[in-house]
Amino acid sequence: MAHYAELDINNKVIRVLTACNQDIATHGGELSEEAANYFGTYTPFSENGVKWVQTSYNNNFRKQYAGIGHTFDSIKNKFISPQPFASWSLDANDDWQAPVAYPTVTTYGDNVRYFISWDEAGLRWIGKENLMSNGNEFVWSPETSSWIATGN
């Protein structure tokens, strides 16, 4: 099945629908404007929709599968995921990066994984031994490449 993302006036994805591969193949083929226009003839736009753009469920083209809230960059011809936090920025590959690199140590003890999350207020990575409120909490130190206990 082919997949099409419906874009609003700001190139934000507002929904993603499937299309019949045969319909696409007989009306210009994958990635063609003709196929996108044909898809639009039997799938009307929603209230804020203005354009259909094909997306790849397997990430074979246009960087990644479009999801609601993604943006289509028509210059780069790719879908970009929403910014996860205000402090994060896009890298050269159009992937969002935190201002502090993701921890290189992700396990403790007998190879047990930390539950790692971004703390936007502190601009840092937090690691927890478990998700229960009584679990130990740690802050990632990029200077020492280690976790520091917070006392929580």
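Use the structure listed above.
Residues numbered from 1 in each chain as written. Predicted model: local features only at pLDDT ≥ 70, side-chain atom pairs only at ≥ 80, totals over all residues. Heavy atoms only, no water.

Peer 1: Is there a simple way to explain the overall build of the protein chain in this structure?
Peer 2: Looking only at helices and strands, one finds two helices and 13 strands in the protein chain. Taking 15 Å as the expected radius of gyration for a compact globule of 152 residues, we find that the protein chain reaches 21 Å, considerably beyond that expectation. Its C-alpha atoms give the protein chain principal-axis dimensions of roughly 60 × 30 × 30 Å. Residues counted as buried form 35% of the 152 residues belonging to the protein chain. Accessible area for the protein chain stands at about 9,200 Å²; split by element, carbon and sulfur atoms hold 50% of it. For the protein chain, the distance from the average site of its 10 positive side-chain charges to the average site of its 17 negative ones is 1 Å. (Helix = DSSP H or I, 4+ residues; strand = E, 2+ residues; numbered from the N terminus. Rg over C-alpha atoms; globule rule 2.2 N^0.38 Å. Buried < 20%, exposed > 50% of the residue type's maximum accessible area, 1.4 Å probe, protein only. Areas by Shrake-Rupley, 256 points an atom, 1.4 Å probe, with all protein chains shown as cover. Lys, Arg positive; Asp, Glu negative; His and termini not counted. Charge placed at Lys NZ, Arg CZ, Asp CG, Glu CD.)

Peer 1: Got a minute to help me understand the pattern of salt bridges in this structure?
Peer 2: Proximity of charged atoms lets side chains of opposite charge pair with each other. What the rule picks out here adds up to seven salt bridges. Residues Asp94 and Lys76 are paired through a salt bridge, measuring 2.9 Å at the closest nitrogen-oxygen approach. Of the two residues, Asp94 is situated in the loop between β6 (89–90) and β7 (96–97) and Lys76 in the loop between β4 (71–73) and β5 (78–80); the sequence distance between them amounts to 18 residues. Using a relative accessible area of 3% as the deciding quantity, one classes Asp94 as buried. A cluster of three or more residues bridged by salt bridges with shared partners is formed by Lys76, Lys78 and Asp94. (Salt bridge = Lys/Arg side-chain N within 4 Å of Asp/Glu carboxyl O.)

Peer 1: What is the right way to look at the packing of aromatic side chains in this model?
Peer 2: Note on aromatic pairs: each is described by the distance of the centres and the angle between the planes. What the rule picks out here adds up to 16 aromatic pairs. Grouping aromatic residues by their ring pairs yields a cluster made of Tyr4, Tyr38, Phe39, Tyr42, Phe45 and Trp52. (Phe/Tyr/Trp six-rings, centres within 6.5 Å; stacked < 30°, edge-to-face > 60°.)

Peer 1: Explain unusual backbone geometry to me, please; I cannot follow it from the model alone.
Peer 2: Glycine aside, residues mostly have negative phi angles, and peptide bonds mostly take the trans form. A positive phi is found at Leu31, a non-glycine position, where the angle reads about 65 degrees. Turning to its location among the elements, Leu31 is positioned in the loop between α1 (21–25) and α2 (33–42). With phi around 70 degrees, Lys63 is a residue other than glycine that occupies positive phi space.

Peer 1: Would you take a moment to explain the sheet that holds strand β3 (residues 51–55) for this structure?
Peer 2: In a beta sheet, neighbouring strands are held together by backbone hydrogen bonds and run either parallel or antiparallel to one another. Spatially, β2-β1-β3 is the arrangement adopted by the three strands of the open sheet, whose pairing is antiparallel. Since the sheet does not close on itself, it has two edges, and those belong to β2 (13–19) and β3, each with one partner. Pairwise comparison of adjacent strand axes, ignoring direction, gives a mean angle of 30 degrees for this sheet. Relative to β3, strand β1 (residues 2–7) runs antiparallel, the two sharing five bridges. By the bridge assignment, Ala5 is partnered in β3 with Val53. (Pairing = 2+ DSSP bridges. Axes fitted to C-alpha atoms, helices over the stretch in contact; angles between N-to-C directions.)

Peer 1: What is the right way to look at the pairing of strand β12 (residues 137–141) in this model?
Peer 2: Working note: regular strand, side chains alternate between the two faces of the sheet. Across the five residues that make up β12, a large majority, five, are buried. Side chains of β12 alternate between two faces, with Glu137, Val139 and Ser141 and Phe138 and Trp140 buried alike. As paired strands, strand β11 (residues 124–128) and β12 are joined by three bridges and run antiparallel to one another. By the bridge assignment, Lys128 is partnered in β12 with Glu137. For β12 and strand β13 (residues 146–149), the ladder comprises four bridges, and the chain directions are antiparallel. By the bridge assignment, Ser141 is partnered in β13 with Ser146. In sequence, β12 turns back onto β13 through a hairpin of four residues, with Ser145 there showing a positive phi of about 50 degrees.

Peer 1: What's the story with the side chain of Asp8 in this structure? I'm lost.
Peer 2: Along the chain, Asp8 turns up in the loop between β1 and β2. No salt bridge is formed by the buried Asp8. Its closest oppositely charged neighbour is Lys12, at 7.5 Å. Side-chain polar atoms of Asp8 contact the backbone nitrogen of Asn10, separated by 2.8 Å. Residues in contact with Asp8, not counting those within four places in the same chain, are Ile14, Asn48 and Val50. (Polar contact = N/O pair within 3.5 Å; in protein donor to acceptor, adjacent residues only side chain to side chain. Contact = heavy atoms within 4.5 Å.)

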